[in-house]
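Coordinate analysis (summary)
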Amino acid sequence: KCGEKTCNTKMPKGLNKYHSYQCRDKAKRRRDRLKKKDSPNAWKKKAWTEFSKWIRARDKKCVTCGSTENLQAGHFIKASQCYNYFNFDEQNVHAQCTKCNVFLDGNYIEYTLFMQREYGLEVVDELKQRNLAHSTIKATKEGYQALLEKYSNL
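So, here's what we can say about the structure. (Residues numbered from 1 in each chain as written. Predicted model: local features only at pLDDT ≥ 70, side-chain atom pairs only at ≥ 80, totals over all residues. Heavy atoms only, no water.)

1. So, the overall build of the protein
Of regular secondary structure, the protein possesses six helices and two strands. Along the protein, from the amino end to the carboxyl end, the secondary structure elements read α-α-β-β-α-α-α-α. Expected size for 154 residues packed as a compact globule is a radius of gyration near 15 Å; at 23 Å, the protein overshoots this value by more than 25%. Across its three principal axes, the protein shows a C-alpha extent of roughly 75 × 35 × 30 Å. The buried share of the protein, reckoned over its 154 residues, is 36%. Residue pairs in contact within the protein that sit at least 24 positions apart in sequence constitute 64% of those at least 6 positions apart. The protein carries 31 positive and 17 negative side-chain charges, and their two centres are separated by 15 Å. (Helix = DSSP H or I, 4+ residues; strand = E, 2+ residues; numbered from the N terminus. Rg over C-alpha atoms; globule rule 2.2 N^0.38 Å. Buried < 20%, exposed > 50% of the residue type's maximum accessible area, 1.4 Å probe, protein only. Contact = heavy atoms within 4.5 Å. Lys, Arg positive; Asp, Glu negative; His and termini not counted. Charge placed at Lys NZ, Arg CZ, Asp CG, Glu CD.)

2. Topic: the pairing of strand β2 (residues 93-97)
Of all five residues that make up β2, five are buried, and the element is covered over most of its length. In this structure, strand β1 (residues 71-75) lies alongside β2, joined through five bridges in antiparallel fashion. Pairing of Gln72 across the sheet is with Gln96, part of β2. (Pairing = 2+ DSSP bridges.)

3. Quick word on the packing of aromatic side chains
On inspection of all chains with the given rule, the structure shows 11 aromatic pairs. A centroid spacing of 5.1 Å and a plane angle of 65 degrees characterise the contact between Tyr85 and Tyr144, whose relative ring orientation is edge-to-face. You can see Tyr85 sitting in the loop between β1 and β2 and its partner Tyr144 sitting in helix α6 (residues 141-153), a full 59 residues away along the chain. With a relative accessible area of 18%, Tyr85 lands in the buried category. With a relative accessible area of 4%, Tyr144 lands in the buried category. Between the aromatic rings of Phe88 and Tyr144, the centroid separation amounts to 6.0 Å while the plane-to-plane angle is 55 degrees, which identifies the pairing as tilted. With a gap of 56 residues between them, Phe88 in the loop between β1 and β2 and Tyr144 in helix α6 connect regions that are remote in the sequence. For the residue pair Phe88 and Tyr144, the accessibility class agrees, reading buried in each case. One aromatic cluster is present, formed by Trp48, Phe51, Trp54, Tyr85, Phe88, Tyr144 and Tyr151 through successive ring pairs. For the cation-ring pair, Lys46 lies above Trp43, with the distance from its terminal atom to the ring centre recorded as 4.1 Å. (Phe/Tyr/Trp six-rings, centres within 6.5 Å; stacked < 30°, edge-to-face > 60°. Lys NZ or Arg CZ within 6 Å of the ring centre and 35° of its normal.)

4. Remarks on unusual backbone geometry
Its identity as a non-glycine residue notwithstanding, Lys60 has a phi of 65 degrees, on the positive side. Relative to the helices and strands, Lys60 resides in the loop between α2 (40-59) and β1. Residue Asn70 is not a glycine yet carries a positive backbone phi of 50 degrees. Asn70 gets classed as exposed once you look at its relative accessible area, which sits at 57%.

5. Examining the pattern of salt bridges
Under the criterion given, the structure shown has seven salt bridges. Of the charged contacts, one joins Arg130 and Asp89 as a salt bridge, the two residues approaching to 2.7 Å between their closest N and O atoms. Linking Arg130 in helix α5 (residues 121-133) with Asp89 in the loop between β1 and β2, this pair joins segments that are 41 residues apart in sequence. Residue class for Asp89 comes out buried when judged on its relative accessible area of 13%. One continuous salt-bridge network, built from bridges that share partners, spans Asp89, Glu126 and Arg130. (Salt bridge = Lys/Arg side-chain N within 4 Å of Asp/Glu carboxyl O.)

Listed below in structure tokens is the structure:
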């Protein structure tokens with residue numbers, strides 16, 4: 001039979017593993033998908049799902065407007081500017097509603113006021129330094145697995 005899992009074409013002996021280029025390509029795509037499921041990026045997504053749930057349960061309301069609807073985990077230092085594991089820093093991430101986090105681009109002025117009230121002025125600078133310190137850390141599958149385990153258990 002053809003080597004592609006869903007193809008049942010009988011093949012004469014001595015031919016290649018697959019009876020067509022389509023079956024060969026389909027099998028390659030399946031193998032590639034399986035590899036991606038175990039990549040650091042796949043584990044990062046799983047860890048983020050659990051971390052985000054934990055953040056929303058911890059804060060219970062939007063830190064910038066007080067809404068309790070459609071909560072997300074919003075970053076004070078934007079996720080695109082965070083190095084590796086700093087995306088998972090508990091002081092940098094708080095619950096925000098979709099309006100504040102997405103449509104108001106983080107509602108930065110209110111977020112800054114919240115951070116100053118909650119942690120003090122010096123913490124904002126400390127967060128920047130901690131983010132830079134993460135620039136030298138290489139993100140790994142094992143690191144994301146540890147984060148997933150930590151926040152799954154909380």
